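What follows is the residue order along each chain.
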Amino acid sequence: MFKIINILNIGSIYCVSVEGDIQLLKNGLQLHDENGNIFEIETVAMPHYHKLENYKKYAEIVLIGDIEKIGKTLFLIQ
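Values in this document were obtained by computation on a predicted structure and should not be read as measured data. (Residues numbered from 1 in each chain as written. Predicted model: local features only at pLDDT ≥ 70, side-chain atom pairs only at ≥ 80, totals over all residues. Heavy atoms only, no water.)

**A few points about the environment of Glu60**
We apply this condition: Counting from the N terminus, the helices are DSSP H or I runs at least four residues long and the strands are E runs at least two residues long. In what follows, residue pairs with any heavy atoms lying within 4.5 Å of each other are defined as contacts. In protein, a polar contact means a hydrogen-donor-capable atom and an acceptor-capable atom, both N or O and within 3.5 Å, with residues adjacent in sequence counting only if both atoms are side-chain atoms; elsewhere, any N or O pair within 3.5 Å suffices.
Position of Glu60 among the secondary structure elements: in strand S5 (residues 58-64). Put simply, Glu60 and Ile7 are 53 residues apart on the chain and 9.3 Å apart in space, counted from C-alpha to C-alpha. Setting aside chain neighbours within four positions, we find Glu60 in contact with Cys15, Val16, Ser17, Thr43, Val44, Ala45 and Pro47. At 2.5 Å, the side chain of Glu60 forms a polar contact with the side chain of Ser17.

In structure tokens form, the structure reads like this:
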């Protein structure tokens, strides 16, 4: 499970900040939200944090899908 912290719109691209076990995230992986919307990860990036232990907890992901309808939580599709 990944909690959505923030969504940043950069032109036609949406960058979503998430909190969770980000070691599970990779390009091409599909996620769904609590509303049943499906998204695909295009890119995963790790933000710079002052506390080293946070690098395993937070990520920025670029998603393909209808981001305007995204919920508050994302789940892995297995």
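**Topic: the pairing of strand S1 (residues 2-10)**
Heads up, the condition is: The criterion for strand pairing is that DSSP finds at least two bridges linking the strands in question.
In terms of strand pairing, S1 meets strand S6 (residues 73-76) through 2 bridges, oriented antiparallel. From the neighbouring strand, Phe2 faces S6, where its bridge partner is Leu74. The pairing of S1 with strand S2 (residues 13-19) spans 7 bridges and is antiparallel. In the sheet register, Ile4 faces S2, and the bridge partner there is Val18. Following S1, the chain reverses through 2 residues before pairing antiparallel with S2; Gly11 in that reversal takes a positive phi of roughly 65°.

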